[in-house]
Each structure stands twice: as C-alpha cells, then as structure tokens.
Amino acid sequence: MDLVRLSWRNLWRSKRRTLITSLSVAGAVWMATTFLGIAEWAYNDMVGKSATMGFGHVSVAAPGYNDDPSISKRIANAESMAKAASAARGVQAVVPRVVGQGLFATARKTTGGLLLGIDPKRDTAERNLFVKKLEQGTALLGKDGKVDDGGCIIGARMAKTLQLELGSKLVWTATDVEGEIVSEVARVRGIFQTGVAEVDMGTVLLPIDKARRVLKLGPEAATILAVFNHEHRASAAVRDAVSKAVGPGVEVKTWQQTQPAMASYVQVDRASNEIFQLLIGLVVAAGILNTMLMGVLERRRELGVLLAIGMRPRRLFALVILESVWVGLLGLVLGGLLVLPWAYFLYSTGIDLSGMMTEQLEVGGVVFDMTLHLRLADAHYFVIPFAVFCLTIGAALYPALKAARLEPIESLRVLD
Amino acid sequence: MNASASPIVELREVSRVYHQGEFEIRALDGLSLAIEAGEFAALCGPSGSGKTTALNLIGALDAPDSGTITLQGRDIGGISRTERSELRRDKLGFVFQAYNLIPVLTAFENAELVLMLQGMPDKERRERVMAVLEAVGLGELANRRPDELSGGQQQRVAIARAIATRPALVLADEPTANLDTATAESLLDVMEKLNREQGVTFLFSTHDQKVMDRARRIVRLRDGKLVADERRGEEE
C-alpha cells in the first residue's frame, strides 16, 4: 500500500465532496478552455484578416518603407527573396505585393485610395481577404488559368459610388518610381465586400505584373513581401528565421510592429482575460482548500495514528498533497469530457451573435466575425493542465502543512 | 523468554507536568522504570495515575519535562520530530484501545503499512504480513476492511500491524477495554503466545483485571509515582 494508492482511496471516503470539488475544477477547465479558446480564435481571426489585407504575419520591406510608405522604397529582387523566405522555418507562404496610392475614376466620378498589386496565382482566398470576400466576378484569373492582365477588383462601395459593375472600365492613375504620373484602364472583373467602409470604398486590386510595368518597378520588384505562418503567436520566431533567410538590406517586421494598434488591443484583451481566469482559479482553489482542510480536520485522529506508527511528517504532507492532485486530475479528466464536445461544437459550428448586434464590430480596420469559434494555441494544451496542477497543489499546501504539524498524542485524543 | 536481559527501555527520574490554566498537573513524578526484552508487563493504576502518560513517553509520542528515557541505550528525550517518527516506525509497535486501523485499507494493507513506511521490498513484505496475520488468526480475513471485521478481529489486525516490523517493544494502551470478556481473553491468548513463542515484548497500560492476571510483571502507579513493581510467572 503506497502513498499514491492510499491517497486515491482516501479521496473516495467522501464521494460527494470529491465529486463536487472535481466538478468545480472541471468547470474551471471548461471556462478556461472556452474563454481562452474564443479569445485566441478572435485574435487569430483579426490578425489573420489583417495579414491577408496587406502585410502578412511578418512583412519584408525596404528600409524606411514602414515609416513612410512609397513605391520608390521597393525590393528589386522580391521574387528571389520570396523564394529564400519561403524556406525559412515556420513559413507557410510568401506573397509579393505592390502597395501604392492611386486615383480611380470613371466618366462620372473620381476617388482616391489604395492600389494593391497582387499575384492572382499566389494571392488565393486563403492569403487575400479581398479575394475571399469576392461577392461578384473572379480573382483576376481567366478560365484558362492565365492572369487577366487588364482586369481589376474593386470594393462594393466604390462600385456603388462610381457606378461600376463587372466589365465596366476604371481608369486608375498613380505616380511611378520616376515621379511621372501614369494612367491605365482596367476592367472590373471582381467586386468584394469586407464590411469596412473605407476599405470597400478605397481599395483596388491589380495584377502585380501590370503594376510593376506601369509603375516601372522592375520585373521582380515588390514593395512588400507578406509572409504567412500558422499562428499569430509564432510571428516573432518566424521574423527571426525570415530575417536570417533573406539577409541584410531589408526590414523584417512582425504584425505587432506593423499593426501596433491591433497588437495593443490583443495584449490588453489577453491580459484582462487572464486576470479573469486567475480569479476563477482562486475561487476554485478556495473550494479545494475547503475540501482538503475538512478532510484533514475530520481525519485528525487517523492522521495522528499514521504519525504515531511512524509515518514521517513530510510523508503525511505528501499524502494530503497527493489527495489534492487526484482531485485536480479527476477535475481535468471530467473537464476534458465536458470540453471535448463543446469545443468541437464551437470549432465546427460556433455561436452566431450577429442577431444580437445592431452594428458590426470593427477592430484595427478589421471586421470582427460575430460567429464565435474556438481555437486553442499550442501553449494552452500545456498551460491549462499546468495551471490546474499548480492550483490543486497550492490549495492543498495549508491543509497538508496542518496535517504534517499534527501532534500524534493530541490527535489520538480526538474522538471518532 | 528470559527477562534478565539488558533493558529495552529505561526511565530515570522522569517527570511530566501538564498545565491547565492556572493549574499544574504532575502526570508523572520522578518515575524510574526499566523494561527488559521478553517481558509481558502491565502498567496499572486508577485513572490519572500516569500510566498512559508513561506509555506515551516510552512510545516517543511525548517528551518528558525532566529525567531521561533511553530506548535500547539511546536517549530519546531531545530528539527531533522526524527522528521520533523513525524511532516509532523501526523500534516500537502500538496497539490502541480504539484499534485505530485505517478504514480505507484491508486487514492486509493495515498490517503492511509500517513495513511500507520502512521501505521493505514487496515480496518480503507480503510474506511477513501473511505470517503475522496467520499468527493472530486472521489469515482468512486478510482482504477485509475494518468495517467488515468485529472489534476483536480489528484489534488482532492492530496487533499484526504492531508486530509486523518485529519491534523491540509493543506498547498496548488499554487493548481490551472495548472488547467483551471472551474476545478479550482470546486476544490476550494471541499476545501471550506471541510473547512466549516469538519473544515479542509487551508493555500494557491497563486497569483490566484480565490483563493484570496474565501479565508476568505488574507495575503499579499512583499520582504519577511508582508504588509497586511485582514480578511473577514461570521464572519464579
């Protein structure tokens, strides 16, 4: 009969109490998984959307471009650099883009906005939010798979304002790298709607090769390399790997550096969520402490017997801690059973809150998806069980110390 | 067994004073006593005479205010809590009035508990425990939990637990107090047999005449002092 088995059996002396305490731990696991998972999904969704709108999770640009964007600050050998960056550890995809300012006109109206040169073959729906949000038309690729060099994609609001539809002509005007004003005509091949008014009003996508030619950037040039990795948390490590792969002469930045407002939002929201989880943890810890303390006080005589027959105080301490660890493990298992179907539901179906919202929620130029899903970061699979483990041990310290400090002679006087 | 061997435990001028508010209770007052290997001895006296206090001091469950207690030649007066635990584990066996078995453990597991604390290997431990359970007549009931055993059977398990480690001395505090006459006699038979056949040394604290009738040495206490020390038995 070792301590592990003895502690397990002790656990079942008060089945109801053990189950209630374990269920409270399970509840904490469920809450932590739900809140951390939904928040993680939201951060990933926001950062992912932002990444697919321009900069990627990690961006490579010419020095000074991020502080003062201009097409003259370009990467001349962007294609070979993209190839090098693709081989860096953690990189899923690298997409060269030309980002500049332009004027967009029809016979009736003119508006200004962002000109985005994309490679339709690489800027797929997965990598490009505008392509993903296409409501009409196609993504600058013909049926034969060839790039539609004379096409463009515009936002729904611009289409409405400029009275454009698929097939309409749009004149776009920009300043090339030599400072000359250049103009081209493009036909509208696609219309997207992101939900963000400014974006839908002022963004035009062109084939990158067309933009390179017209703006005299060079055949392999881009103003930015948008690098994608599997999750937003890993961006710092990917930045370092990419930086090493592409070498000096360019600036490699994470989304936190290129999107500081969004990074701050994520940081503050994450901190408040963690404080909330800590408070829940403290409430659960109080429950465990109560259970363990009652267990020790009710068994004073028996624990005194163990000391009297020769159990060392530190072993008795370990016995009580082990009992608490069992409660924690049981809570983790019950929590896991509770969480699995719930997490699957959130992951696959989600909770649609759009009916509750009168206006869409926008953070850092990205529309928040009102169907909540769940996504756990790799770290959560370790952090949540570890937190439960610390919680159960921390909560048992006082009862365990009390048990270890019992004087057998006094404990033996306690009546059953 | 021969009672003329060197003392297992020796008390010299031992005093223990308890304080209850303003009152001072002198539970033991200069007690000197030696218990030798193989003895089957009883500390007797009325309530408050100091017999349980003496047993607690000998069992390293308490420490004296003055005087010295030596167990197998080692002064146990000033040793640490952990050392006292180890001493109780390795040198002493305890039988309590209320049996004090661990309710979640079977008879076998209760009996093996101290051996487990000693770190005895599994195989040796199992053999030892089965042997002691057989010795106390409980070989068939090894897998029963305390609540499935009668009072007498529970006390036999307690004896098995106490003797499993082959201690220098078994201290039994009123072991028959909760048992009916027949069960108490049967239990005393077991302890007497262990004493005679295996040389287990027993020291009882009792005011049960049945125990006193069986004991080969009666140490009488009154007001914490030794008033009589009578030896009897086959050696006389």
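Source: prediction; values computed, not measured.

## Focus: the domain arrangement of chain A
Residue and element names in this part refer to chain A.
Moving on, step 1. Domain annotation for chain A reports domain 1 (3-47 + 263-411) and domain 2 (63-249).
Moving on, step 2. Of the residues lining the interface, eight residues belong to domain 1; the matching set on domain 2 comes to seven residues.
Moving on, step 3. Ranked by the residues each element gives to the side of domain 1 that touches domain 2, the list is headed by helix 2 (residues 15-55), at three residues.
Moving on, step 4. Looking at the side of domain 1 that touches domain 2, its residues break down into four nonpolar, three polar and one charged.

## Considerations on the pairing of strand 7 (residues 181-192) of chain A
Residues and elements named next belong to chain A.
Moving on, step 1. Relative to strand 7, strand 4 (residues 134-137) is paired through three bridges, and the arrangement is antiparallel. Looking at the pairing, Leu134 lines up with Phe192 of strand 7.
Moving on, step 2. Two elements, strand 5 (residues 151-155) and strand 7, share five bridges in a ladder whose sense is parallel. Looking across to strand 7, one finds that Cys152 is bridged to Val188.

## Details of the packing of helix 3 (residues 107-118) of chain B against helix 5 (residues 151-163) of chain B
Geometry of a packed helix pair, given as the angle between the helix axes and the separation of the axes.
Residues and elements named next belong to chain B.
Moving on, step 1. Direction vectors running N to C along helix 3 and helix 5 enclose 30 degrees, while the axes themselves pass 7 Å from each other. Put simply, helix 3 runs roughly parallel to helix 5. Relative to helix 5, the crossing made by helix 3 is right-handed. Contacts between helix 3 and helix 5 involve Ala107, Asn110, Ala111, Leu113 and Val114 on the former and, on the latter, Val157, Ala160 and Arg161.
Moving on, step 2. Across the contact of helix 3 with helix 5, the residue classes tally to six nonpolar, one polar and one charged.

## With respect to unusual backbone geometry
Moving on, step 1. Look at Leu140(A): it is not a glycine, yet its phi comes out positive at around 65 degrees.
Moving on, step 2. With respect to the helices and strands, the residue Leu140(A) is situated in the loop between strand 4 and strand 5.

## Quick look at the nonpolar core
Residue and element names in this part refer to chain A.
Moving on, step 1. By size, the foremost hydrophobic cluster in this structure holds 186 residues, and its most contacted members are Val60, Ala85, Leu225, Val227 and Val242.
Moving on, step 2. Per-element accounting of this core gives the leading share, 14 residues, to helix 2.
Moving on, step 3. Split by domain, this core shows at least three residues from each of two domains, domain 1 (3-47 + 263-411) and domain 2 (63-249).
Moving on, step 4. Dropping the residues within four chain positions of it, Leu225 is found in contact with Ser59, Val60, Ile75, Ala78, Met81, Ala82, Ala85, Val94 and Pro96.

## Here we look at the interface of chain A and chain B
Moving on, step 1. Taken residue by residue, the interface counts 17 residues in chain A and 21 residues in chain B.
Moving on, step 2. Among the elements of the structure, helix 1 (3-11), helix 11 (300-308) and helix 14 (408-411) of chain A are those that each provide at least two residues to the side of chain A that touches chain B.
Moving on, step 3. It is helix 11 of chain A that provides the largest number of residues to the side of chain A that touches chain B, a total of four residues.
Moving on, step 4. For the side of chain A that touches chain B, a count of residues per class yields nine nonpolar, two polar and six charged.

Analysis parameters
- Residues numbered from 1 in each chain as written.
- Chains lettered and ligands numbered in written order.
- Predicted model: local features only at pLDDT ≥ 70, side-chain atom pairs only at ≥ 80, totals over all residues.
- Domains from an automatic or database assignment.
- Contact = placed C-beta atoms within 7 Å.
- Helix = DSSP H or I, 4+ residues; strand = E, 2+ residues; numbered from the N terminus.
- Nonpolar A, V, L, I, M, F, W, Y, C, P; charged D, E, K, R; others polar.
- Pairing = 2+ DSSP bridges.
- Axes fitted to C-alpha atoms, helices over the stretch in contact; angles between N-to-C directions.
- Parallel < 35°, antiparallel > 145°, perpendicular 65-115°, else oblique.
- Left-handed = near helix turned anticlockwise from the far one by under 90°.
- Core = buried A, V, L, I, M, F, W, Y, C linked by C-beta atoms within 7 Å.
- Buried ≥ 20, exposed ≤ 12 C-beta atoms within 10 Å, placed from the backbone.

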